[in-house]
Amino acid sequence: MLGLLKENVDANASSDSRVEKLVWGATNPLKALGLKSHPDLVMASDVVYGNDPAKWTNLVQTMRDLAGPNTLVLIANVQRYPIHHPLAETKFYTEATAEYFVRSELPVTALHSDFQRTGAGNCVIHIFRASGDKKRKSSSSRDNAEEKKPKKEKKEEKEKKEKKEKKVKKEKKEKKKEKKSRKD
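Quantities reported herein were computed from a predicted structural model and do not represent experimental measurements.

When you go through the chain residue by residue, the secondary structure sums to six helices and four strands. Taken from N to C terminus, the helices and strands of the chain fall in the order α-α-β-α-β-α-β-β-α-α. Looking at the chain as a whole, 23% of its 184 residues qualify as buried. Counted over contacts in the chain with a minimum sequence separation of 6, partners at least 24 positions apart contribute 70%. Just so you have it, the chain exposes about 13,600 Å², and 53% of that area is on carbon and sulfur atoms.

Below is the structure:
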């Protein structure tokens, strides 16, 4: 896995980028990675499984150790279960990291069109920044307003957004079929 990732970085990233193996919970991960300061970017993919917070302690600690005030942490994950399913990874993103990080999700519309779907099986990219304090103050007023919204209102907005995205995707599909049938 690391070999393939290294090839990808060599082909697509700047010359000062690198790929390193890091075990969660390692003592002083900055030193283990040969870093003298916090990195600008930490990326991980498919590193969260299940819904047991005890399993995530080392991952959250490693994220905390690596993240400085300007570090952006991106975690891509396949949503294996619906959000409220007992085995869903949702708790990691909404609870286990909440005390130390401000989190948002990359809009599904920002993904490649092949991956613009919602629900189980979709790709979700979570964006984290160290909060600096337990109140998780956000830098923008829009984020602060989002944090103050009741859960029900947030859920309704998310469902509305997902419904709209499904409709747009369906319309695109229908247009493709229509174009194809015209060609035939």
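Further remarks concern the side chain of Asn77. Mapping Asn77 onto the fold places it in strand β2 (residues 72-78). Taking the relative accessible area as the measure of exposure, Asn77 reaches 4% and is therefore buried. Those residues in contact with Asn77 that lie beyond four places of it in its chain are Asp46, Val47, Val48, Glu89, Tyr93, Asn122, Cys123 and Val124.

With that settled, the discussion passes to the nonpolar core. Judged by nonpolar contacts, the single largest core of 17 residues is most densely connected at Val48, Met63, Val73, Ile75, Phe92 and Phe128. At the level of secondary structure, the elements contributing two or more residues to this core comprise α3 (53-66), β2 and α4 (90-96). The contacts of Phe128, once residues within four sequence positions are left out, are Met63, Thr71, Leu72, Val73, Ile75, Tyr93, Thr97, Phe101, Val102 and Arg103.

A full pass over the atoms with the stated rule returns four aromatic pairs. Note on Phe92 and Tyr93: the rings are 5.0 Å apart at their centroids and 85 degrees apart in plane angle, and the pair reads as edge-to-face. Relative to Phe128, the ring of Phe101 has its centre 5.8 Å away and its plane inclined at 75 degrees; by these criteria the two rings are edge-to-face. Here Phe128 lies in strand β4 (residues 123-130) and Phe101 lies in strand β3 (residues 101-105), a separation of 27 residues in the sequence. The exposure class of Phe128 is buried, given its relative accessible area of 0%. An aromatic cluster of at least three residues, connected via ring pairs, comprises Trp56, Phe92, Tyr93, Phe101 and Phe128.

Before going further, it helps to examine the sheet that holds β2. Reading across from one edge, β1-β2-β4-β3 is the order of the four strands in this open sheet, with mixed pairing throughout. Each end of this open sheet is capped by a strand with a single partner; those strands are β1 (41-45) and β3. Direction aside, neighbouring strands of the sheet carry axes that sit 20 degrees apart on average. In this sheet, β2 lies alongside β1 in parallel orientation, the contact comprising five bridges. The residue bridging Met43 from the neighbouring strand is Leu74, located in β2. Taken strand by strand, α3 contacts β1, β2, β3 and β4, and its axis lies near 105 degrees from that of β3.

The end-to-end C-alpha distance of α3, which contains 14 residues, comes to 20 Å, matching closely the 20 Å that a straight helix rising 1.5 Å per residue would cover. Restricting attention to buried positions, one finds in α3 the residues Trp56, Leu59, Val60, Thr62, Met63 and Leu66. On the buried face of α3, the contacting elements are α2 (29-32), β1, β2, α4, β3 and β4.

Our next topic: the pattern of salt bridges. Applying the stated criterion across every chain, the model contains four salt bridges. Between Glu20 and Arg18 there is a salt bridge, and its shortest N-O distance comes to 3.6 Å. Take Glu20: its relative accessible area is 45%, and that puts it in the partly exposed class. The exposure class assigned to Arg18 is partly exposed, which follows from its relative accessible area of 45%. Put simply, Arg103 and Glu105 hold a salt bridge, and the shortest N to O gap is 3.1 Å. You can call Glu105 partly exposed: its relative accessible area is 36%. Because the salt bridges share partners, they merge into one network encompassing Asp46, Arg80 and Glu89.

How each quantity is defined
Residues numbered from 1 in each chain as written. Predicted model: local features only at pLDDT ≥ 70, side-chain atom pairs only at ≥ 80, totals over all residues. Heavy atoms only, no water. Helix = DSSP H or I, 4+ residues; strand = E, 2+ residues; numbered from the N terminus. Buried < 20%, exposed > 50% of the residue type's maximum accessible area, 1.4 Å probe, protein only. Contact = heavy atoms within 4.5 Å. Areas by Shrake-Rupley, 256 points an atom, 1.4 Å probe, with all protein chains shown as cover. Core = buried A, V, L, I, M, F, W, Y, C linked by side-chain atoms within 4.5 Å. Phe/Tyr/Trp six-rings, centres within 6.5 Å; stacked < 30°, edge-to-face > 60°. Pairing = 2+ DSSP bridges. Axes fitted to C-alpha atoms, helices over the stretch in contact; angles between N-to-C directions. Expected span 1.5 Å × (residues − 1). Salt bridge = Lys/Arg side-chain N within 4 Å of Asp/Glu carboxyl O.

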